[in-house]
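Descriptive structure summary
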Amino acid sequence: MAADTRVLVIDDHEDNRVLLKLILQARGLGFLGASSGPEGLSIAQRERPDLIILDLQMPGMDGFEVLTTLKANSVTRAIPVIILTATYLEPLSVERGLGLGADEYLTKPINPDELMVRIRSAIRVREAERELRQLRKDFSSMLVHDLRSPLEGIGIALNLLLAGQLPERDAKQLVQLARDQVLDLSRMIEDLMELHRAEAGLILAFESVNPRHLVADVVAECELLAQSKGLFLDWEAPEDLPTLLGDRRILKRVLTNIVGNALKFTQEGRVSIRLSRASGALRFEVRDTGPGIPIQELARIFDKYFHIQRRKDRPEHGFGLGLAFCKLAVEEHRGVIRAESEIGKGSVFTVEIPLTN
């Protein structure tokens, strides 16, 4: 916990407040005290503490009313609340308190060690929720930016073409630019849709899949991008590989995403796909000669929100959702996906799908 963490104690008994003040300050936490519900609500709204310890049995306005008011106010709603009581011990009271939004429920007499464990837990949960809300906000901003950019490019190209003053070669380049922007936009929208479907629970249409044919189709789809960047795209597979039971469309999408990413970040050299038979599984290996991935990023490369954080330091185009989808899709096939990389020497992405599901 941060050194400036502040805890508001709302309790009508002064001895309880004094005891809690001693416990909290001895552990480096700031203390705020209130002797009644209304006073506590006023302090909570004004000071916005990091956590509230709330007594239930208080005259006038009891703890349940205070909790209800806290959670109804947008300023105090997100503040975690620990109920601390010696009276309301029956399960229905516990259920009521938690139902109204309390994060923890402790009974008196106070156990300092247990109290600190609960405080740390409640604050960690709140910090995680706050980070997730910020990531979602950042994701929305990124989404608007990345969808707007291709549309603006298409609009500029069409306006220039409508003006009718361009040589044929320039006009053709603008048409190609607009086409590329449309394809880029389509891929981004497809990434969003696929990830949404995967998070909601993929319904796989299992069929017998020839892995060689699958990879050949992926290479055919990605060949144009490889050629446009002057990269070699090749693949290799034994003739006697067994067929795979899986959803062909989803597996193709997974491999296309991985190969597409490799081509996107590789500036020279090649991207190679290798198929082999592992222990009870088929292994698809995509190797590139790109810049490599820093070791501290490898563990989170398949995290949906990691790419949002990374773009704050290293702007790049696209949502970075393709790998998040790949992980979900591979796991739905009871397989594994992993990445290995070395700076300056490229990356290797490996997908293993069991031969029986």
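See the structure printed just above.
Predicted, not measured: the structure shown is a model, and the values here were computed from it.

Conventions we followed
The numbers attached to residues start from 1 for each chain and follow its sequence in the written order. Since the coordinates come from a predicted model, pLDDT governs what is reported: local features require at least 70, and pairs of side-chain atoms require 80 or more to be given and counted, while whole-chain, interface and lining totals use all residues. Only hydrogens and water are removed before side-chain values are computed, so all heavy atoms of the structure are retained for them. We call two strands paired when DSSP finds no fewer than two bridges between them. Note on conventions: DSSP H or I runs of at least 4 residues are helices, E runs of at least 2 residues are strands, and numbering of each starts at the N terminus. Here, axes are lines fitted to C-alpha atoms. For helices the fit covers the stretch in contact, and angles between N-to-C directions go from 0 to 180 degrees. By the convention used here, residues are in contact when the closest approach between their heavy atoms is within 4.5 Å. The classification of residues rests on relative accessible area computed with a 1.4 Å probe and restricted to protein chains. Under 20% of the type maximum is buried, over 50% is exposed, and intermediate values are partly exposed. If the strands point away from the viewer and the path from the first strand over the helix to the second runs clockwise, then the crossover is right-handed. Take the buried Ala, Val, Leu, Ile, Met, Phe, Trp, Tyr and Cys residues and link them wherever side-chain atoms come within 4.5 Å; each set so joined is a nonpolar core. What a helix is expected to span follows from its residue count: subtract one and scale by 1.5 Å. Whenever a nitrogen or oxygen atom comes within 3.5 Å of another N or O atom, the pair is scored as a polar contact, on the condition that within protein one atom can donate a hydrogen and the other can accept it, and that pairs from neighbouring residues in sequence are kept only if both atoms are in side chains. Put simply, two rings from Phe, Tyr or Trp (the six-membered ring, in Trp's case) pair if the centres are within 6.5 Å, and we call them stacked under 30 degrees between planes, edge-to-face over 60, tilted for the rest. Note on criteria: charge over ring means Lys NZ or Arg CZ within 6 Å of the ring centre, with the direction from the centre no more than 35 degrees off the ring normal.

1. Some details on the sheet that holds strand E12 (residues 346-354)
With respect to topology, 5 strands assemble into an open sheet ordered E7-E9-E10-E12-E11, the strand pairing being mixed. Single-partner strands in this sheet number two, and they are strand E7 (232-236) and strand E11 (336-342). Recorded for the sheet is a direction-independent mean angle of 15° between the axes of neighbouring strands. Relative to strand E9 (residues 270-278), E7 runs parallel, the two sharing 5 bridges. When the sheet's bridge partners are listed, Asp-234 is paired in E9 with Ser-272. On top of the sheet, helix H7 (residues 211-228) reaches E7, E9 and strand E10 (281-288); it is set at about 175° to E7, its chief contact. Running over the sheet, helix H8 (residues 248-265) touches E7, E9, E10, E11 and E12 and is turned about 20° from E10.

2. Quick look at the pairing of strand E1 (residues 6-10)
Within a regular strand, side chains alternate between the sheet's two faces. Most of E1 is tucked away, with 4 of its 5 residues classed as buried. At this point the chain moves from E1, through helix H1 (residues 14-26), to the parallel strand E2 (residues 30-34), and the crossover so formed is right-handed. Examined bridge by bridge, E1 and strand E3 (residues 51-54) share 4 bridges and lie parallel to one another. In the strand pairing of E3, Ile-10 is matched with Leu-54.

3. Details of the nonpolar core
The biggest cluster of nonpolar side chains holds 42 residues, and the ones touching the most others in it are Ile-258, Val-259 and Phe-284. Looking at this core, the elements that each hand over two or more residues are H7, H8, E9, E10, helix H11 (322-332), E11 and E12. Setting aside chain neighbours within four positions, we find Ile-258 in contact with Val-286, Leu-323, Cys-326, Ile-337, Phe-349 and Val-351. The next biggest cluster of nonpolar side chains, apart from the first, holds 21 residues, and it includes Leu-54, Met-61, Phe-64 and Val-66.

4. A word on H8
The periodicity of an α-helix, 3.6 residues per turn, causes residues three or four places apart in sequence to face the same way. Taking 1.5 Å per residue as the helical rise, H8 with its 18 residues ought to reach 26 Å, and the 26 Å between its terminal C-alpha atoms agrees with that figure. All buried positions along H8 are accounted for by Ile-250, Leu-251, Arg-253, Val-254, Leu-255, Thr-256, Asn-257, Ile-258, Val-259, Gly-260, Ala-262 and Leu-263. Between the side-chain oxygen at the start of H8 and the backbone nitrogen of Arg-249 there is a gap of 3.2 Å, and the oxygen is on Asp-247.

5. Regarding unusual backbone geometry
One non-glycine residue, Arg-48, lies in the positive phi region at around 50°. The topology assignment puts Arg-48 in the loop between helix H2 (37-47) and E3. In this structure, Arg-334 is a non-glycine residue whose phi angle is positive, near 60°. With respect to the helices and strands, Arg-334 occurs in the loop between H11 and E11.

6. A few points about the packing of aromatic side chains
The final tally for this structure, using the stated rule, is 1 aromatic pair. A centroid spacing of 6.1 Å and a plane angle of 85° characterise the contact between Phe-302 and Phe-349, whose relative ring orientation is edge-to-face. You can see Phe-302 sitting in the loop between helix H9 (295-298) and helix H10 (306-313) and its partner Phe-349 sitting in strand E12, a full 47 residues away along the chain. A single burial state applies to Phe-302 and to Phe-349, both of which are buried. Above the ring of Phe-64, the side-chain terminus of Arg-96 is found at 3.9 Å from the ring centroid.

Purely geometric stuff here, so don't read any function into it on its own.
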